[in-house]
Every structure is written in C-alpha cells, then in structure tokens.
Amino acid sequence: MASPSNSSNNGGILGVSNKTSFGKCTVTSKTSTGNITTQPGTRVLNTLIVAGGGGGARTCGGGGGGAGGVAQHNSISVDGSTNYPATIGGGGAGGPSFDSGPTESMSGTNGINTTFVVGCTTYTTTGGGRSAQGPSSANPGGSGGGGSNRDGSGNPAGSGVCGQGNPGGDSKPNTGNTNDAGGGGGGSCGAGAAGTTGGAGAGGAGLNIAPLFPGASVSSVGGGGGGGSQELSRGAANPVGGGGCGGGVPGQSGSAGTTNTGGGAGGSGGAGPGGGSVPSFAGGSGVVVIKELNKASGVWSMQSQFSAQSQGTWPKFLSSATVDYLLVAG
C-alpha cells in the first residue's frame, strides 16, 4: 500500500504518493529488431508481444503452421526518454523439399521467439509450431502446428503454450494415396480445426488488437494457418490474425502468414494432375506494440494540476456519459 504524502510536499493536501505518466496514449509498433524509445513524460505502458508464426510442411496434405505466441502485459513501470530493446522473431520457413530424401525433410520450421526487455525483466513469447511430415509430429509452439497427412501417414497436431496460444488440428487419417487433408494451425484465440472427409482444417482465430492498441501497424495478430489438401477443399485462413490459407487442387494456391502478425503459414496442397511441385509457405514475422499511458493516481494539489495543465501534460479523459437532447428551430 502506498504511504501517505507529507502535506508540505503535496500542496497542503494529504494523500497517497502520486504516480504520474504523461505518455499521451501514444501507440508504437516495432516491426524489426531494435530499441523502442519512450517519450519524456512516460512512466507506465502496456505492451503486446507477438512471436513469429510456424512454417508449413511440403506435402500433399500439409497442416497449417501454428501462430506465434501472443501475450499482453499491462501497467509496466518505465522511465521516460529511455531505450528498451525489442527482438522481433521471424516466421518459420516452409518445408524445403518434396519426395526427395526422407519424409522428415518435408517438414517446416518453428517460428522464432520475440522478446522485449524492461530493466531486469525480459518478456518473451514463443514461436509458432511447425507442421511436420514424417516420423515427427507437428511441433508445439506459441500455438501448435496442424497435423500433416500423406499416403495414409497421418501426424498429430502440436500443442500451444498456456496463455499464448492454442493447439493445432489433427490431420484426417486415410489409407490410400489421395484425399489427404491436413489440420489447421492453432491461433492465439482458438484451436485449429481437424482435417475431415470434407476437407482440410481451418486455422485457429487470432486476436483483434484495434480496440486495445489503436493506430498499431496491424489490426489483428496470431491467426493459425489453414491446412492443405490433395483433392478435397483446402483449409481457410481465419479472418482474424494474419494466418495463411492452405493449398489445394489446381487453381487453389496457399499463402504465407502475414508479415508482423505472427500468422501461421498455410499448409501445402496437392500437385494435381500431372504432378509437379507442391509449394510450401513461411509463417509471418512477429511484432512488439506499446501504448504509453496517461496516468495520474493519488491526491493532487490545485497548484500541481494547474502547472500540468499549463504545460499540456495533464491527462485528458473523455466522459462516457450520454446526453439526450432536442433542438427546435423558430
């Protein structure tokens, strides 16, 4: 509990110690590794930390990559005019080969962690889980990768990190060489859907950050990638979070996770009649977003309020009250 202020130091008014922050609610997006510099009057901020999304496997029924981990931390104490380092995680690469060498070589890679350091505290989110093909199952991550399936060799989905994301969806098991359907990658706000006889699984839902961080470089983060399919319908990208859609039959190209959203990659689909290359996709890179708060707690003297108002640093708050009125002309 805060200790009372001495009346002689607080304009003759007794009250708790004052905690001020004149950040003007400024929102800053850090999209590449480097320092974030606070404004001179900032003492408190909120932050959102997003890791890189996972890559998809390069196979006919590739699962979607899991979204990078998403975490929000509120009311962090900072100093004004100070550099705070942010390391932005890249998205995981898609599987590098198809039907060349061991099936494990078709697997994607995990997304990279993102960190934000304030003093002695390091805030970290975990890179999204890859979709894998072969002896390994889809990897866990901030959100887990979706399960891949080819020629009946189905792989289970990966799990998510508690508080950062959700698991991916399992692939559809089958015993033939067709109708492979991968599971969707997990998202920060929902699990990836499993592949079924109707088609590949959709990616898990991400987080809409526009109300929390207005003016950020992106409006949503942490969407899982949709699964891919050889002959069935492909997995859709969730509309929230930047995940990629899965590949499918000819004419249905998949897509990578969106840059600076931590979106998971779409799973690869079938080559279609005549064979050919099966594309794979990479996850989206991460981001750090901060909001420098206006905050004035405690009891304030009229002199200190007048001084802050004169300098334009006193926090401004909009009333939430509503008023009904009627205007009548002559």
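About the cut-offs
- Throughout, a residue's number is its position along its own chain's written sequence, starting from 1.
- Local features are withheld for residues below a pLDDT of 70 in this predicted model, meaning they are given only at 70 or higher, and side-chain atom pairs are given and counted only at 80 or more; totals for whole chains, interfaces and linings count all residues.
- Processing note: side-chain calculations cover all non-hydrogen atoms of the structure and skip hydrogens and water entirely.
- Helix and strand labels come from DSSP, where a helix needs a run of H or I of at least four residues and a strand needs a run of E of at least two; each type is numbered from the N terminus.
- Between two residues, a contact is recorded if the distance between any of their heavy atoms is within 4.5 Å.
- All accessible-area figures derive from a Shrake-Rupley calculation using a 1.4 Å probe, and residue coverage is judged against the displayed protein chains alone.
- Note on pairing: two strands pair once DSSP finds at least 2 bridges between them.
- All axes here are fitted lines through C-alpha atoms, helices being fitted over the stretch that makes contact, and every angle between N-to-C directions spans 0 to 180 degrees.
- pLDDT is defined as a per-residue confidence score from the predictor, taking values between 0 and 100.
- Throughout this description, the term nonpolar core refers to a set of buried Ala, Val, Leu, Ile, Met, Phe, Trp, Tyr and Cys residues connected via side-chain atoms within 4.5 Å.
- For each residue, the accessible area found with a 1.4 Å probe, counting protein chains only, is set against the maximum for its type, and the residue is called buried under 20%, exposed over 50%, and partly exposed in between.

Student: Run through the overall build of the chain, naming residues and quoting values.
Tutor: Across its full length, the chain holds one helix and twelve strands. For the chain, long-range pairs separated by at least 24 residues make up 60% of all intrachain contacts whose partners lie at least 6 apart in sequence. Of the roughly 13900 Å² that the chain leaves accessible, carbon and sulfur atoms contribute 54%.

Student: I'd like a description of the sheet that holds strand 5 (residues 83–87), backed by residues and values.
Tutor: Strand order across the open sheet formed by four strands is 2-5-6-7, with antiparallel pairing between neighbours. Edge strands, defined here as strands with exactly one partner in the open sheet, are strand 2 (34–37) and strand 7 (121–125). Each adjacent strand pair in this sheet contributes to an overall mean axis angle of 25 degrees, direction not counted.

Student: Can you lay out the confidence of the model for the chain for me, pointing to particular residues and giving the numbers?
Tutor: Averaged over all residues, the pLDDT of the chain equals 83, while 76% of them reach at least 70. Note on residues 1–8: pLDDT under 50 across the span, and 15 contacts to partners over four residues away in sequence or across chains.

Student: Could you give an account of the nonpolar core, with specific residues and numbers?
Tutor: Residues Phe116, Val118 and Val288 are the most contacted members of the largest nonpolar core, which totals 13 residues. Among the secondary structure elements, those contributing two or more residues to this core are strand 3 (44–50), strand 5, strand 6 (114–118) and strand 12 (287–297). Residues contacting Val118, with those up to four places away along its chain left out, are Ile76, Ser77, Val78, Tyr84 and Tyr123. Formed by eleven residues, the second largest nonpolar core is a distinct cluster that contains Phe213, Ala216, Val287 and Val289.

Student: Can you lay out the environment of Gly41 for me, pointing to particular residues and giving the numbers?
Tutor: Position of Gly41 among the secondary structure elements: in the loop between strand 2 and strand 3. In this structure, the C-alpha to C-alpha distance between Gly41 and Gly80, residues 39 residues apart in sequence, is 5.4 Å.

Student: Let's hear about the side chain of Gln164: which residues, and what values?
Tutor: Structurally, Gln164 can be placed in the loop between strand 9 (153–154) and strand 10 (207–208). With sequence-adjacent residues up to four places away left out, Gln164 is seen in contact with Gly69, Val70, Thr124, Thr125, Thr126, Gly142 and Ser188.

Student: Now, about the environment of Gly169: what can you tell me, with residues and values included?
Tutor: Its location among the elements puts Gly169 in the loop between strand 9 and strand 10. Each C-alpha atom of the pair Gly169 and Ala200 lies 9.5 Å from the other, and the pair is 31 residues apart in sequence. With residues near it in sequence (within four places) discarded, Gly169 still touches Gly146, Gly147, Ala157, Gly183, Gly184, Gly192, Ala193 and Ala194.

Student: Would you mind going over the side chain of Ser220 in detail, with residue names and values included?
Tutor: Take Ser220: it is sitting in strand 11 (residues 220–221). Judged by relative accessible area, Ser220 falls into the buried class, the value being 15%. Beyond its immediate sequence surroundings of up to four residues, Ser220 is in contact with Leu207, Asn208, Ile209, Val240, Gly241, Gly242 and Thr261.

Student: Can you tell me about the environment of Thr31, naming the residues and giving the values?
Tutor: If you trace the backbone, Thr31 turns up in the loop between strand 1 (19–30) and strand 2. A residue is classified by how much of its surface remains accessible, and Thr31, at 36% relative accessible area, is partly exposed. A C-alpha to C-alpha distance of 8.6 Å links Thr31 and Val289, two positions 258 residues apart in sequence. Apart from the residues within four sequence positions on either side, Thr31 is in contact with Ile88, Ser217, Asn260 and Val287.

Student: How would you explain the pairing of strand 3 if you had to name every residue and give the values?
Tutor: Extensive coverage of strand 3 is indicated by the burial of seven of its seven residues. Residues Val44, Asn46, Leu48 and Val50 of strand 3 are buried on one face, and the alternating residues Leu45, Thr47 and Ile49, pointing to the opposite face, are buried as well. In terms of strand pairing, strand 3 meets strand 4 (residues 70–77) through six bridges, oriented antiparallel. Pairing of Leu45 across the sheet is with Ile76, part of strand 4.

Student: Got a sec to walk through unusual backbone geometry? Specific residues and values, please.
Tutor: For Ser75, which is not a glycine, the phi torsion comes out positive at approximately 55 degrees. As for its placement among the helices and strands, Ser75 is situated in strand 4. Look at Ser81: it is not a glycine, yet its phi comes out positive at around 55 degrees. Residue position: Ser81 is located in the loop between strand 4 and strand 5.

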